[in-house]
Each structure stands twice: as structure tokens, then as C-alpha cells.
Amino acid sequence: MRRHTLFTLTSILVIILVIGAGAVSVLGFAEEELGFRDKDGTYYPPTGDFPAERISTIHDDLTFGLAIAAGFTVTDSHTLRIWDQLVDSEVLPSNPVSYTYGNAGFYTPPNPLLACVGKNHARQVWPTSKFTTTASVTSRFGPYSPFFHFPHQDGDDLQALHDWGWGITDTLRGYEAYAWGRLTDFTLMQAVENGGCIITRTVTISMPWEAGSLEAFATYIHTLADAYSHADCMDALAAHDPPAPWGTHTVPILGDESIYACDYNPTSPQNDDAHGREFGSVYTDSQRTIAAARAIYAELSARSLTREGVYVPLPLTTTLVVSGEETTLDGAIVHFVTAWDYDEPAYRREYMDRLVEALQGLSRTPVRRVYLPLVLAGG
């Protein structure tokens with residue numbers, strides 16, 4: 001009896017510690033043990049709880065290199081990678097003022113006493129206790145989290161983000177997510193499986209950035225990458241019985257059923273978890289990362305040609321010499337993803353620095369845009 005009591009108390013303590021560290025947060029291309037580097041080169045070492053103050057080499061470093069290859073200026077490339085990373089980070093250090101994503105306000109949440117009659121609603125599972133109304137609109141703990149971080153590759157959610165990021169629409173139409181469960185339910189999947197109250201609402205999301213701006217486009221680029229990162233997980237959740245109402249990670253340490261494509265504990269990231277497998281040469285999951293990089297580059301190239309770019313985007317077949325080795329731009333992407341495991345981000349950053357140097361050493365073709373009104377006037 002004493003041993004059973006000790007085990008129970010230990011288990012509860014572990015759960016409390018994991019929840020306190022934000023184990024149920026959602027991440028696509030999870031942050032790595034690498035700090036943020038500002039535009040002037042100032043490096044801010046990661047401190048505090050994981051994943052706070054850490055960056056993703058996909059959302060940060062790779063985005064910067066691909067933006068340079070696509071023909072953006074260094075300044076615009078920094079804007080793209082910083083606001084891409086801010087979708088996860090919310091705040092990034094800088095002097096004299098930190099970068100912040102911000103928000104333009106949230107809706108009043110449903111009242112579970114009225115909205116959850118006949119369903120378990122003793123404990124709020126989503127948004128998590130880490131969410132406050134002062135958080136970023138893209139907060140990984142907030143009501144819009146699954147919309148921004150678990151979009152469907154061919155879904156209306158990603159299309160809405162595309163159209164807003166490109167400025168095709170002035171407003172962003174998305175959805176809110178709320179969940180309640182029993183007192184013993186700590187995750188969305190537990191609430192789903194045990195008669196919890198699950199609510200989604202279609203809303204116009206008030207964004208702090210103008211539609212079509214580079215910051216808006218960087219937000220779309222982030223979600224595009226996440227759609228690839230979470231693709232296998234989304235398929236697994238849809239096939240689960242009962243299916244999940246929106247994208248989420250599964251956390252077996254909290255009592256979730258293990259779903260291989262979704263298992264992830266951000267307090268203890270591993271090379272073989274759902275996001276660790278996205279790097280290195282051991283797992284085929286890295287092919288999703290490569291596909292994501294190519295998709296991002298296609299979008300960056302299209303944007304560069306039609307809007308802010310100053311050079312014609314380079315073909316993926318462009319020959320480069322990076323770190324003394326001849327490769328192609330596409331080959332460099334593959335090397336960046338597969339040469340090092342998840343827990344070796346410093347090597348990826350160093351390699352991307354060398355790739356950017358190689359890109360900047362090339363003779364580039366300036367973009368020459370022909371504006372139709374001028375053509376008609378001249379005709």
C-alpha cells in the first residue's frame with residue numbers, strides 16, 4: 001500500500017511538472033537548443049525552460065537563406081525569418097526594443113456552464129493555463145493555436161492563411177478551439193475520449209499586421225512549413241477512434257495513448273520523437289522537411305518576382321560551392337536537413353551561414369518588372 005501511494009504521488013508530481021513546463025504546447029519544426037541571433041549578429045543564448053527563447057533552424061536560419069536565394073534583400077530576408085520565428089516565439093530579444101508579434105484582441109470564450117451541458121467540463125484543457133489575453137495572436141497555448149500551427153496541407157485553413165499573407169483578402173478567416181474535460185483529463189485527446197466538451201468557432205481573426213505585408217507573408221510561410229511538419233500526425237489523428245477535432249501532439253507521459261506520428265514532449269525533446277525524426281539520415285520523416293523547404297522556396301520565389309525581390313530567384317539546380325564542396329541549391333537544402341541530427345542545430349546554422357556567403361558571392365540577375373499601366377500608356 002505504501003509503495004502504491006508513493007508511486008501515485010510520484011506520478012502526480014511528474015504530471016504537474018510536465019504541465020507546468022507546457023508539455024501540451026504545439027510546435028511544428030520544434031525549437032532547438034539554439035538561441036536567437038539578431039540582425040546585427042548579436043547572439044542571445046537560450047535560457048529558462050525549454051522551448052522558451054530558442055529558435056527553429058527551419059523557421060529562422062533556413063528561411064533567411066532561402067529568402068536570399070529567392071532574390072530578397074538582406075533586410076527583407078531578416079524580416080521574413082524573424083516574423084516567421086515569431087509565430088512560435090511571440091517575443092524575440094533585441095536592443096533597444098524586442099521583436100513582438102502582438103495581437104489585436106481576442107473574443108470572449110464560451111461559458112462552459114452554458115455551452116457544455118451534459119458533457120464533462122470540470123477542467124479546462126484548451127486553451128492552456130499558460131495563455132493570457134496579452135499573448136500573441138499566434139500563441140501556441142491560445143485559442144488560435146491549432147489554426148496557425150496544425151493547418152491542413154490542402155485545407156481551407158492553409159488557403160485562408162495563403163490568401164491573407166499574399167494580400168488577396170484583407171481579413172483572415174479562421175477558427176477558435178476550446179476544450180474541457182474531467183478533473184483528471186490533462187490533454188485534448190483525453191477529453192475527447194472521455195466525454196469532454198469540445199468547441200470550435202469560425203471567426204474573423206484580428207491580426208496585428210496588414211494583409212499582404214512581409215510580416216503577414218512570413219506568418220503564412222511559417223504555417224506552410226508546419227503543414228508539412230505535422231502532415232503525418234494530422235493523418236494519424238484523423239484515423240484515430242475517436243478522431244481528434246483539431247491537430248495536437250500526444251504526450252504519453254501525461255497518459256495519452258501513444259500515436260507515433262504525434263508523440264512529442266517539449267520538456268524532453270529527443271532525436272527519435274515526432275520532431276526529432278525530421279532531421280538526420282536515419283528516418284524518412286526528414287523527407288517531409290525537405291519537401292517543406294522546397295515548398296517554402298517556391299512561395300518565396302513567387303513573392304520575390306511579383307513584389308519585393310530585387311534579384312531573379314535562383315533555380316534549385318544552381319551550382320554552388322558551400323564549405324569547400326560543390327553542390328546545387330537543392331543539394332544544399334538536403335544537406336542542411338539530413339547531415340545532422342535534431343540535437344546538432346549549431347552545425348546547421350554554420351552551414352547556412354556558408355550557404356548565404358556562397359549565394360551573396362554569385363552574380364545575380366536584377367528583377368525587371370513591367371507594369372501594365374505604363375505599357376498601355378506607352379502604346
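Residues numbered from 1 in each chain as written. Predicted model: local features only at pLDDT ≥ 70, side-chain atom pairs only at ≥ 80, totals over all residues. Heavy atoms only, no water.

Peer 1: Break down unusual backbone geometry for me, with residues and values.
Peer 2: Here the bond from Trp126 into Pro127 is cis, since omega is -5°, no more than 30 degrees from zero. Following the sequence through the fold, Pro127 ends up in the loop between β5 (123–126) and α5 (145–149). (Helix = DSSP H or I, 4+ residues; strand = E, 2+ residues; numbered from the N terminus.)

Peer 1: Outline the pairing of strand β6 (residues 172–181), listing residues and values.
Peer 2: Most of β6 is tucked away, with 9 of its 10 residues classed as buried. In the sheet, β5 pairs with β6 via 3 bridges, with the strands oriented antiparallel. When the bridges of β6 are listed, Trp126 appears paired with Ala179. Note: β6 against strand β7 (residues 197–205), 9 bridges, orientation antiparallel. Looking across to β7, one finds that Ala179 is bridged to Ile198. (Buried < 20%, exposed > 50% of the residue type's maximum accessible area, 1.4 Å probe, protein only. Pairing = 2+ DSSP bridges.)

Peer 1: Can you lay out the environment of Leu305 for me, pointing to particular residues and giving the numbers?
Peer 2: Mapped onto the fold, Leu305 is located in helix α10 (residues 286–306). C-alpha separation for the pair Leu305 and Arg369, spaced 64 residues apart in sequence, amounts to 8.1 Å. Setting aside residues up to four positions removed in sequence, Leu305 forms contacts with Pro313, Val367 and Arg369. (Contact = heavy atoms within 4.5 Å.)

Peer 1: Explain the state of the cysteines to me, using residue names and the numbers behind them.
Peer 2: Applying the stated criterion to the full structure yields 2 disulfides. The partner cysteine of Cys116 in its disulfide is Cys197, sulfur to sulfur 2.1 Å. On the sign convention where negative means left-handed, the S-S torsion of about -70° between Cys116 and Cys197 marks this disulfide as left-handed. Residue Cys116 is found in the loop between α4 (112–115) and β5, and its partner Cys197 is found in strand β7; the two are separated by 81 residues along the sequence. Accessibility classification places Cys116 together with Cys197 in one group, the buried group. Sequence-ordered numbering of the bonded cysteines in the chain gives a disulfide pattern of 1-2, 3-4. (Disulfide = S-S within 2.5 Å.)

Peer 1: Residue-level account of the packing of helix α2 (residues 58–70) against helix α12 (residues 345–360), with values.
Peer 2: One way to put it is that α2 packs onto α12 with a least axis distance of 10 Å and a crossing angle of 10°. Here α12 runs roughly parallel to α2, going by the angle between their axes. Where α2 abuts α12, its residues Asp60, Asp61, Leu62, Phe64, Gly65, Ile68 and Ala69 lie against Arg349, Met352, Val356, Leu359 and Gln360. A breakdown of the residues in the contact of α2 with α12 according to their chemical character gives 7 nonpolar, 2 polar and 3 charged. (Axes fitted to C-alpha atoms, helices over the stretch in contact; angles between N-to-C directions. Parallel < 35°, antiparallel > 145°, perpendicular 65-115°, else oblique. Nonpolar A, V, L, I, M, F, W, Y, C, P; charged D, E, K, R; others polar.)

Peer 1: Lay out the packing of α2 against helix α3 (residues 74–89) with the relevant residues and their values.
Peer 2: Closest axis-to-axis distance for the α2/α3 pair is 8 Å, and the angle between their directions is 150°. In terms of orientation, α2 and α3 fall into the roughly antiparallel class. Every pair of crossing elements has a handedness; the one defined by α2 and α3 is right-handed. Within the contact between the two elements, α2 uses His59, Asp60, Thr63, Phe64, Ala67 and Ile68 and α3 uses Val74, Ser77, His78, Leu80, Arg81, Asp84, Gln85 and Asp88. Residues that form the contact of α2 with α3 fall into these classes: 5 nonpolar, 5 polar and 4 charged. (Left-handed = near helix turned anticlockwise from the far one by under 90°.)

Functional significance is not addressed by these values, which are geometric in nature.
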